[in-house]
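Letter by letter, the chains look like this.
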Amino acid sequence: MKNKYLLLIILFIVFCGFKSDEIKEVTATSETDPVLTNGDTADDPAIWIHPTNPELSFFIGTNKHSDGHLELYNLDGTRYFSTPSGVMLNNVDLRYNFPMDEDLVDIVVASDITNTQIAVFMVDTLTRTLIDITGNTSVDLINPYGCAMYHNPSTNKFYCFVSDRASNFNVLQYELNYREDGRVNANLVRVLNFSSIIEGIVADDQLGFVYFGEEQFGIWKYEAIPESTEPGVLIDYADGTNLTPDVEGLTIYYTNEGSGYLIASSQGSSTYAIYNKEGNNEFICNFAIVDGIMSGTHRTDGIDVISYPIGSTYPNGAFIAHDDRAFCGEHSNFKIVPWEAIADTMNLIINTSANPRFIGNNISVDIKIFIEGPFNGTDMNTTLNNSSLLPLSQPYNEFPWNCPENITLINLPNTDIVDWVLVELRETNGNALSATGETKIAIEPALLLKDGKITGMDGISKLKFCVNITKNVYAVIWHRNHLGVMSANSLTLDNGVYNYDFSTGANKALGGINGHKEIGTGIWGMVGGDGNADGQLTNADKNDVWYVQAGTSGYLPGDFNLNSQVENIDKIDIWSPNSGNASQTLENIPSDGFKCQVPK
């Protein structure tokens, strides 16, 4: 009998697996109105961001009742619009900037079970409603089930993956094309075969992969391009360890650097599994949405996440999940959790840099620049880094920079980091003087290495921006106590990378010797001493900043040489000559001091 129980325990362990870690807990701060039909008829959500006013963004939810539709919710969860009823729609997804004649529009797709097709809608950004633009989108499936979009930024082609709940369990990939009457057709381009039901699907437009949740088995990863013949890779089993059947919703948390997370709904355990979206998709942790101000989630189907700010309520993005037992089980709805609640609980990154309107349209920027303060004649000192004084959060989210990107690192990626800088891109048909603040198209916090290279958050990769560039693009570099500079010439495009080196001559920065200085033989750099970051070197930098902080240490604006100490050397060697207040004006330094030459 004892051996029998031992065998049962072993079998249980093999079948169910060990929990790899404790389940973290978070609570929702908001929820949507219940769907309009009784029972658990809510299923899959999506998040749409408004092109100019994030406060006007909305949540989309499917109502999979036979008398169902799509429902739209304001950010406070109130329903304000629904598509015509009478259609069973199961899963929903969206993409931005779909080419339609000479316009770019946002489209929403859903698996239409009633009509065995892909339902396609256009977002009317003025009225915040959906317009049906379904053309010939019939799918060769018995019961359309899972549904997700993929945009290939290299070809600018848009695709939709649709799975079948019927016995053949195929997943079909369709290319979506605009037709002249304003509707969208779907053309079959690939068939993928699985052994059991697939519902959760999500595509990574940055890295070019698509993930499928085989409900009873695990998560598969395939190349997203239809021409691929590479086999899929199983990244995790639904064995009760990290995932408990059914594997349901899948979603991706993006950053501009290509990093981020794949998140899966583990329906059997009413939890969510988080994986790195890079490399081999290593498992990170599980979390649950538990009872708090409102009830937690139970047996979640669809999920979605956004890293970009969506209004003042969700300045760091949000996670939304279906809940099958809201409102005493009579109606189901969706719960919303601010991303920082998840990130803080699980020690994950907060990175609001990736505008979903340009995901996959990343451009790489390779910029080299030196700043005067820490320059030692060859490269730059990393004293603040070595002294563990560099903050993990970017320091430019306040006046005068007001950078909205809320980026927090888990740790600094290497010891070569000198400080944070802020990189701004401006696009214009004209020269640098025409690149005023109104031409700004992107702004990103970045890491400055001791050799002058500016990198993304991994301390290695080139900085990336989610933008489309069609004109001349100029780079502006800001530092918290050095004068900002702008490239005198437009960035050079070479093999898909925009390049610029500020360090090689006086003419590399707008304003020449008035805007930056020779800090070593033949090496030019940003001018130090702007303690109050007002773009001028005046007595205010000395009296209101340096003098007040003199004798203290830390990450301080009065520490002009970035050695962690505010002391006389900051005033004598940096502020005084640069402001024109030195006893002797140095060569190539304006007698009245440097001023920022960046056009306002």
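Please read these numbers as outputs of a predicted model, since none were measured by experiment. Throughout this description, residue numbers start from 1 for each chain and increase along the sequence as written. A pLDDT threshold of at least 70 governs which residues receive local features in this predicted model, and a stricter bar of 80 or more applies before side-chain atom pairs are shown or counted, although totals over entire chains, interfaces and linings include all residues. The side-chain numbers reported here are obtained from all heavy atoms of the structure, hydrogens and water having been left aside.

### Describing the packing of helix α4 (residues 539-549) against helix α5 (residues 568-579)
Interaxial angle, 0 to 180 degrees, is taken between N-to-C directions of lines fitted to C-alpha atoms, where a helix line uses only the stretch in contact. For helices the rule is a DSSP run of H or I covering at least 4 residues; for strands it is a run of E covering at least 2, with both sets numbered from the N terminus onward. Viewed as axis vectors pointing N to C, α4 and α5 meet at an angle of 170°, and their least axial separation amounts to 12 Å. Comparing the axis directions of α4 and α5 gives the class roughly antiparallel. Of the residues in α5, those touching α4 at N539, D541, K542 and W546 are N568, D570, K571 and W575. A breakdown of the residues in the contact of α4 with α5 according to their chemical character gives two nonpolar, two polar and four charged. Put simply, angles under 35 degrees are roughly parallel, angles over 145 are roughly antiparallel, angles from 65 to 115 are roughly perpendicular, and the rest are oblique. We call two residues in contact whenever any of their non-hydrogen atoms come within 4.5 Å of each other. Amino acids outside the nonpolar list (Ala, Val, Leu, Ile, Met, Phe, Trp, Tyr, Cys, Pro) and the charged list (Asp, Glu, Lys, Arg) are all regarded as polar, and Gly is one of them.

### Describing the sheet that holds strand β8 (residues 103-112)
The rule for pairing is simple: two strands pair if DSSP sees at least two bridges between them. The four strands lie next to each other as β7-β8-β9-β10, forming an open sheet whose pairing is antiparallel. Edge positions in the sheet fall to β7 (89-100) and β10 (129-132), since each has one partner strand and no second. Direction aside, the axes of adjacent strands within the sheet are offset by 35° on average.

### A closer look at the pattern of salt bridges
Here, a salt bridge means any Lys or Arg side-chain nitrogen found within 4 Å of an Asp or Glu carboxyl oxygen. Counted under the stated rule, the structure contains 16 salt bridges. Close ionic contact of E31 with K335 constitutes a salt bridge, the shortest N to O distance being 3.3 Å. On the criterion of sequence distance, the pair formed by E31 in strand β2 (residues 30-31) and K335 in strand β25 (residues 333-338) is long-range, its members being 304 residues apart. The partly exposed category is assigned to E31, whose relative accessible area is 23%. Salt-bridge contacts for D181 lead to R179; the nearest nitrogen and oxygen are separated by 2.7 Å. Exposure classes here rest on a 1.4 Å probe applied to the protein chains alone. A residue is buried below 20% of its type maximum, exposed above 50%, and partly exposed in between.

### Description of the environment of N152
Tracing the backbone through its elements, the reader meets N152 in strand β11 (residues 144-152). N152 sits 116 residues away from L36 along the chain, and the two C-alpha atoms are 36 Å apart. If we skip the residues at most four places from it in the chain, N152 touches K157, Y159 and I225.

### Focus: the packing of aromatic side chains
Stacked, tilted and edge-to-face pairs are distinguished by plane angle, under 30 degrees for stacked and over 60 for edge-to-face with tilted covering the rest, among Phe, Tyr and Trp rings (Trp via its six-membered ring) whose centres lie within 6.5 Å. Summed over all chains, the structure comprises 23 aromatic pairs. Seen from their ring centres, W48 and F58 are 4.5 Å apart, and the 25° between their planes marks the pair as stacked. Of the two residues, W48 is situated in strand β3 (residues 42-48) and F58 in strand β4 (residues 58-63); the sequence distance between them amounts to ten residues. For the residue pair W48 and F58, the accessibility class agrees, reading buried in each case. Ring geometry for F98 and F158: centres 5.1 Å apart, planes at 75°, overall edge-to-face. Placement of the pair is F98 in strand β7 and F158 in strand β12 (residues 157-164), with a sequence separation of 60 residues. Each member of the pair, F98 as well as F158, is classed as buried. Members of the aromatic cluster, joined through ring pairs, are F161, F194, F212, F217, W220, Y222 and Y237.

### Overview of the pairing of strand β17 (residues 218-223)
Burial analysis of β17 places five of its six residues in the buried class, which makes it a mostly covered element. Judged from the six bridges that link them, strand β16 (residues 209-214) and β17 form a sheet pairing that is antiparallel. The partner of F212 across the bridge, within β17, is W220.

### Overview of a negative patch on the surface
Patch definition: residues above 30% relative accessible area lacking any salt bridge, with like charges linked at up to 9 Å and the nonpolar side chains Val, Leu, Ile, Met, Phe, Trp and Tyr linked at up to 5 Å. The method behind every accessible area is Shrake-Rupley, applied with a 1.4 Å probe, and residues are considered shielded solely by the protein chains displayed. In this charge count, Lys and Arg are treated as positive and Asp and Glu as negative; neither His nor the chain ends contribute. One atom stands in for each charge, and that atom is NZ of Lys, CZ of Arg, CG of Asp or CD of Glu. A contiguous patch of negative charge, built from D101, E102, D103 and E180, is present on the exposed surface. Taking the relative accessible area as the measure of exposure, D101 reaches 63% and is therefore exposed.

### What to know about the confidence of the model for the protein
Residue-level confidence of the predictor, termed pLDDT, takes values from 0 up to 100. For the protein, per-residue confidence averages 92 on the pLDDT scale, and 94% of positions sit at 70 or higher. The low-confidence segment residues 1-20 (pLDDT under 50) makes 19 contacts with residues lying over four places distant or belonging to another chain.

### Topic: the environment of A46
Assignment of secondary structure puts A46 in strand β3. Along the sequence, A46 and S259 sit 213 residues apart, while their C-alpha atoms lie 21 Å from each other. In this view, A46 contacts F58, F59, I60, V92, L94 and D304; residues no more than four positions away in its chain are not counted.

### Quick notes on the nonpolar core
Definition used in this section: a nonpolar core is a set of buried Ala, Val, Leu, Ile, Met, Phe, Trp, Tyr and Cys residues joined via side-chain atoms within 4.5 Å. V423, I454, F465 and I477 are the most contacted members of the largest nonpolar core, which totals 56 residues. Examining the composition of this core, we find that seven residues originate from one element, strand β28 (residues 417-428), more than from any other. Counting residues in each nonpolar core, the second largest holds 31 residues, with V35, F58, V92 and A318 among its members.

### Focus: α5
One less than the residue count of a helix, multiplied by 1.5 Å, gives the span that helix is expected to have. For α5, with twelve residues, the first-to-last C-alpha span of 15 Å sits near the 16 Å given by 1.5 Å per residue. Looking at α5, one finds that the buried residues are D570, I574, W575, S576, P577, N578 and S579. Here the buried face of α5 lies against β36 (517-520) and α4. Among the residues trailing α5, G580 stands out with phi positive, at a value near 85°.

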